[in-house]
Amino acid sequence: MPDRIELGATAKGSLREDEDWWTLVIEDDGKMYVEHEWSHINAYKFRVGSSGKTRIAVNHFLSGDYNSKSQQKLREELSRRKGTA
């Protein structure tokens, strides 16, 4: 079973209705990726505007325009793992 390490989450909007979550996934074979899950709701019409899940390569996540706190936590986790290898 893959390891899943929460990197961070955000909630934006006047009712905090736009939520995003980032998780580092480490497969049993050692392959890693960041999973981005989101749920953005139109709070005034009470329906989902957009929701889903996607995989992002670790290097792409670190160099892209993603949540900076989640990027920092990923850097710390990778550094910690490198130190224990």
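In what follows, the structure referred to is the one given above.
Residues numbered from 1 in each chain as written. Predicted model: local features only at pLDDT ≥ 70, side-chain atom pairs only at ≥ 80, totals over all residues. Heavy atoms only, no water.

What exactly am I supposed to notice about the pairing of strand β2 (residues 18–26) here?
In the case of a regular strand, side chains alternate between the two sheet surfaces. Of the pairings in the sheet, the one linking strand β1 (residues 3–12) to β2 comprises nine bridges and is antiparallel in character. Of the residues in β2, the one forming a bridge with Ile5 is Leu24. Where β1 folds back on β2, the antiparallel hairpin that results is connected by five residues, among which Gly13 adopts a positive phi of roughly 105 degrees. The antiparallel hairpin formed by β2 and strand β3 (residues 32–42) contains five residues in its connecting segment, where Gly30 sits at a positive phi of about 95 degrees. (Pairing = 2+ DSSP bridges. Helix = DSSP H or I, 4+ residues; strand = E, 2+ residues; numbered from the N terminus.)

I keep staring at the side chain of Ser39 and nothing clicks. Help me out?
Along the polypeptide, Ser39 turns up in strand β3. With a relative accessible area of 16%, Ser39 lands in the buried category. Sequence-distant contacts of Ser39, that is, excluding residues within four places in its chain, are made with Glu17, Asp18, Glu19, Trp21, Ser50 and Ser51. (Buried < 20%, exposed > 50% of the residue type's maximum accessible area, 1.4 Å probe, protein only. Contact = heavy atoms within 4.5 Å.)

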